[in-house]
Amino acid sequence: MLTTRLDLARIRAARQDIDPLFLDTPLYECDALGRELGCTVSVKLETANPVRSFKARGTELVAGLLTDQGRTAAVCASAGNLGQALGWSGRRRGLDVTVVASRRAPAVKLDRIHALGAELELVDGDFEMARERAVSIAQRRGIRLVEDSLDIETCEGAATIGLELASGASSFDTVLIALGGGAMATGVGYVLKTLSPDVEVICVQPLGAPAMTRSWQQRRVITTDSTDTIADGVAGRYPIPAVLDDLLTVADDAVLVHEASIVRGMRMLLECAGLVVEPSAALGVAAILEDRDRFAGRHVATIICGSNVDLDAYHRWVRT
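Residues numbered from 1 in each chain as written. Predicted model: local features only at pLDDT ≥ 70, side-chain atom pairs only at ≥ 80, totals over all residues. Heavy atoms only, no water.

Undergrad: How should I be thinking about the overall build of the protein chain in this particular structure?
TA: When you go through the protein chain residue by residue, the secondary structure sums to 14 helices and 10 strands. Computed over the C-alpha atoms, the radius of gyration of the protein chain is 18 Å, within 12% of the 20 Å expected from 2.2 N^0.38 for a compact globule of 320 residues. With respect to the three principal axes, the spread of C-alpha positions in the protein chain is 55 × 45 × 35 Å. Within the protein chain, the proportion of its 320 residues that are buried is 62%. Within the protein chain, contacts between residues separated by at least 24 positions form 73% of all contacts whose residues are at least 6 apart in sequence. For the protein chain, the accessible surface area stands at approximately 12,500 Å², while carbon and sulfur atoms represent 47% of it. Of the charged side chains in the protein chain, 34 are positive and 42 negative; the average position of the first set lies 2 Å away from that of the second. (Helix = DSSP H or I, 4+ residues; strand = E, 2+ residues; numbered from the N terminus. Rg over C-alpha atoms; globule rule 2.2 N^0.38 Å. Buried < 20%, exposed > 50% of the residue type's maximum accessible area, 1.4 Å probe, protein only. Contact = heavy atoms within 4.5 Å. Areas by Shrake-Rupley, 256 points an atom, 1.4 Å probe, with all protein chains shown as cover. Lys, Arg positive; Asp, Glu negative; His and termini not counted. Charge placed at Lys NZ, Arg CZ, Asp CG, Glu CD.)

Here it is as structure tokens:
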């Protein structure tokens, strides 16, 4: 038995509370990508939904819980995708949602948060400063603060991806998971290690935002003063201790990749799979690119976690 904050029975039950729009996303082998990378590659496509990321699996649980409790409002800090997901889930249930984000977040993510009816507040600085502001708003207004990765609903919502992967786990031996705050990594990792323990769970983070990976490697919380990566969705500086404890239990490895590999991964996903993805979604491919010998001949699954990307920036990256 794995000792974490997560519970398999709750995760299985969570599927009943998540809009089916976000469930049973495509999982398929991409032959062209596999030929380029020297291994068999399956992609789990978490972008074919109204918010273009996996985050709504968790916000559906949060919003449903708030409605059951008779609460009417919530606030979160977001690099962009969580805010969109909470806005979508909240609007369905009549919740007033406030999202705090950095002014430096991709404009496309900020525009979609606003379009979903959420109140958007921008701060100068990075995600950690947005988190501090969200805490202040929650305290002042007396409303629910939704904290990605710390709130177990965000982890167990993401963990439903693991249930879908586990149903086909006999066909792959490794899963590559983008690592930011840790909700997806701990959720998916927990399910796979419970139901398919032979599958290797590898988390991937940019070298320019290494806090959680460094923490996993040293088995204690390591913070950083800044981040420097195009993968804004995983660019946190302060790992959450409880999430790190879960990650230490379920992850077999955590690796860091260079920006050039992330960009190359995005280009390969476009050319080989016809997928336009944000940088965080290319981390798995980047990991294979940087260690081809490790993955040679293996069957690897990678989660395509988001496609909310600024097109001007995307064109600059893939044309480099």
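Undergrad: Help me out: how do you make sense of the pattern of salt bridges in this one?
TA: Pairing between side chains becomes possible if they bear opposite charge and their charged atoms approach one another. Across all of its chains, the model carries 25 salt bridges by this definition. Measuring nitrogen to oxygen at the nearest pair gives 3.0 Å for the salt bridge that ties Arg-57 to Glu-46. Here the residue Arg-57 occupies a position in helix 3 (residues 56-68), and Glu-46 occupies one in the loop between strand 2 (40-45) and helix 3, the gap between them amounting to 11 residues. Judged by relative accessible area, which is 1%, Arg-57 ranks as buried. Looking at Glu-46, the relative accessible area reads 1%, which means it is buried. Three or more residues joined by partner-sharing salt bridges are found here, namely Arg-15, Asp-24, Lys-44, Glu-46, Arg-57 and Glu-164. (Salt bridge = Lys/Arg side-chain N within 4 Å of Asp/Glu carboxyl O.)

Undergrad: I keep staring at helix 4 (residues 81-92) and nothing clicks. Help me out?
TA: Three- or four-residue spacings in an α-helix give side chains the same orientation, since the helix completes a turn every 3.6 residues. The end-to-end C-alpha distance of helix 4, which contains 12 residues, comes to 17 Å, matching closely the 16 Å that a straight helix rising 1.5 Å per residue would cover. Of all 12 residues that make up helix 4, 10 are buried, and the element is covered over most of its length. Residues of helix 4 that are buried include every one of Asn-81, Leu-82, Gly-83, Gln-84, Ala-85, Leu-86, Gly-87, Trp-88, Ser-89 and Gly-90, and no others. Two residues or fewer after helix 4 comes Gly-94, characterised by a positive phi angle close to 75°. (Expected span 1.5 Å × (residues − 1).)

Undergrad: Would you mind going over empty space enclosed by the protein with me for this structure?
TA: Taking a probe equal in size to a water molecule and rolling it over the atoms shows the remaining empty space. The tally for this structure, following the rule as stated, stands at 2 cavities of 30 Å³ or more. Of the voids in this model, the largest cavity is the one considered here, and its volume is about 610 Å³. Of all the secondary structure elements, the ones that give two or more residues to the lining of the largest cavity are helix 4, helix 6 (127-141), strand 6 (144-146), helix 8 (183-195) and helix 9 (211-218). Of the residues in the lining of the largest cavity, the class split is 22 nonpolar, 12 polar and 9 charged. As a volume, the second largest cavity reaches approximately 40 Å³. Lining the second largest cavity, in full, are Phe-54, Lys-55, Gly-58, Thr-59, Leu-82, Asp-148, Thr-154, Ala-158 and Ala-183. Counting only elements with at least two residues in the lining of the second largest cavity, the list comes to helix 3 and helix 7 (152-166). (1 Å grid on protein atoms, 1.4 Å probe; cavity = no way out; pocket = protein on both sides within 12 Å on 5 of 7 lines; lining within 4 Å. Points joined across faces, edges and corners; volume = space filled by probe spheres on them. Nonpolar A, V, L, I, M, F, W, Y, C, P; charged D, E, K, R; others polar.)

Undergrad: What should I look at first to understand the sheet that holds strand 6 in this one?
TA: The parallel open sheet is built from 4 strands, whose spatial order is 5-4-3-6. Each of the sheet's edge strands pairs with one partner strand only, and the pair in question is strand 5 (119-123) and strand 6. Going across the sheet, the axis of each strand differs from the next one's by a mean of 25°, ignoring polarity. Relative to strand 5, strand 4 (residues 96-102) is paired through 5 bridges, and the arrangement is parallel. (Pairing = 2+ DSSP bridges. Axes fitted to C-alpha atoms, helices over the stretch in contact; angles between N-to-C directions.)

Undergrad: Hey, could you run me through the sheet that holds strand 1 (residues 27-29) in this one?
TA: For sheets, the rule is that strands pair by backbone hydrogen bonds, running either parallel or antiparallel. With mixed pairing, the 6 strands of this open sheet are ordered in space as 1-2-10-7-8-9. Both outer strands of the open sheet, strand 1 and strand 9 (253-257), are each paired with one neighbouring strand and no more. Within this sheet the neighbouring strands show an average axis-to-axis angle of 25°, counted without direction. Pairing of strand 2 with strand 10 (residues 299-304) involves 6 bridges; the strand directions are parallel. Considered in strand 10, the bridge of Ser-42 is made with Ala-301.

Undergrad: Honestly, the layout of surface pockets in this entry has me stumped. Any pointers?
TA: Taken as a whole, the largest pocket encloses approximately 420 Å³ of empty space. In terms of lining residues, the largest pocket is bounded by 21 residues, among which Arg-104, Ala-105, Pro-106, Thr-229 and Asp-232 are the most central. Here the lining of the largest pocket is built from residues that sort into 10 nonpolar, 5 polar and 6 charged. Arg-10, Ala-13, Ala-14, Asp-17, Glu-60, Leu-61, Gly-64, Leu-65, Asp-68, Ile-152, Glu-153 and Glu-156 together form the lining of the second largest pocket. Those elements that place two or more of their residues in the lining of the second largest pocket are helix 1 (8-14), helix 3 and helix 7. Examining the composition of the lining of the second largest pocket, we find that 5 residues originate from one element, helix 3, more than from any other.

Undergrad: Just to check I follow, could you spell out a nonpolar patch on the surface for this structure?
TA: Taken together, the side chains of Leu-270, Val-276 and Leu-311 present a nonpolar region at the surface, about 220 Å² in accessible area. Mapped onto the fold, Leu-311 is located in helix 14 (residues 311-319). (Patch = residues over 30% accessible without salt bridge, like charges linked within 9 Å, V, L, I, M, F, W, Y side chains within 5 Å.)

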